[in-house]
Amino acid sequence: MSEDLHAVSTNGKVCYLEIPTMDVENSAAFYKKVFGWTIRDDNAGNISFDDSVGQVSGMWVTGRKPSVEPGVLISIMVDSAADTLKLVVENNGKVVREPEGEGEVIALFSDPAGNVFCLYQSTRS
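To start, this report covers the structure provided alongside it. Remember, it's a predicted structure, so these values are computed and weren't measured experimentally.

1. So, the overall build of the protein
- Looking only at helices and strands, one finds 2 helices and 8 strands in the protein.
- Along the protein, helices and strands appear, N-terminal first, in the series β-α-β-β-β-β-α-β-β-β.
- Expected size for 125 residues packed as a compact globule is a radius of gyration near 14 Å; at 15 Å, the protein falls within 12% of this value.
- Expressed as lengths along the three principal axes of its C-alpha atoms, the size of the protein is roughly 50 × 40 × 25 Å.
- Out of the 125 residues belonging to the protein, those deemed buried represent 36%.
- Contacts spanning at least 24 positions in sequence make up 48% of the contacts within the protein whose residues lie at least 6 apart.
- Accessible area for the protein stands at about 8,100 Å²; split by element, carbon and sulfur atoms hold 50% of it.
- On the protein, the mean spot of the 10 positive side-chain charges and the mean spot of the 18 negative ones are 4 Å from each other.

2. Examining the pairing of strand 4 (residues 57-61)
- Counting buried positions along strand 4 yields 5 of 5 residues, so the element is predominantly enclosed.
- Every second residue of strand 4 is oriented toward a common face, with Ser57, Met59 and Val61 on one face and Gly58 and Trp60 on the other, all of them buried.
- Where strand 1 (residues 16-20) lies against strand 4, 5 bridges are found, and the strand directions are parallel. Residue pairing in the sheet places Leu17 in a bridge with Gly58 of strand 4.
- By the bridge criterion, 3 bridges tie strand 3 (residues 47-50) to strand 4 in an arrangement that is antiparallel. Paired with Phe49 across the strands is Gly58, a residue of strand 4.

The rules behind these values
- Residues numbered from 1 in each chain as written.
- Predicted model: local features only at pLDDT ≥ 70, side-chain atom pairs only at ≥ 80, totals over all residues.
- Heavy atoms only, no water.
- Helix = DSSP H or I, 4+ residues; strand = E, 2+ residues; numbered from the N terminus.
- Rg over C-alpha atoms; globule rule 2.2 N^0.38 Å.
- Buried < 20%, exposed > 50% of the residue type's maximum accessible area, 1.4 Å probe, protein only.
- Contact = heavy atoms within 4.5 Å.
- Areas by Shrake-Rupley, 256 points an atom, 1.4 Å probe, with all protein chains shown as cover.
- Lys, Arg positive; Asp, Glu negative; His and termini not counted.
- Charge placed at Lys NZ, Arg CZ, Asp CG, Glu CD.
- Pairing = 2+ DSSP bridges.

What follows is the structure, encoded as structure tokens:
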């Protein structure tokens, strides 16, 4: 029996992020180029985003310190952690931790504002 995805409860689903930055346009360009996120203006005139699969949205905010130390660590799924880290560096981000693991590969990077995120690559079929 297949489940209707629209009938599944979304209670508890992570759906929205606010990412600190001093330069919203630069951060928006970084995430668009590296991850293919859709950049848009929200109904309040803020530069906002939707992730590449339309499951998570959010916006960049000024006036907050970037999350430069991993605390709550948000992972972004990618096809290739190594290839994505190349894009991170090409777009003014930094490698924090090189890819490691088998079956599941993780790596840490910081965006141009200094926020640390995790890349997650599943190598299992």
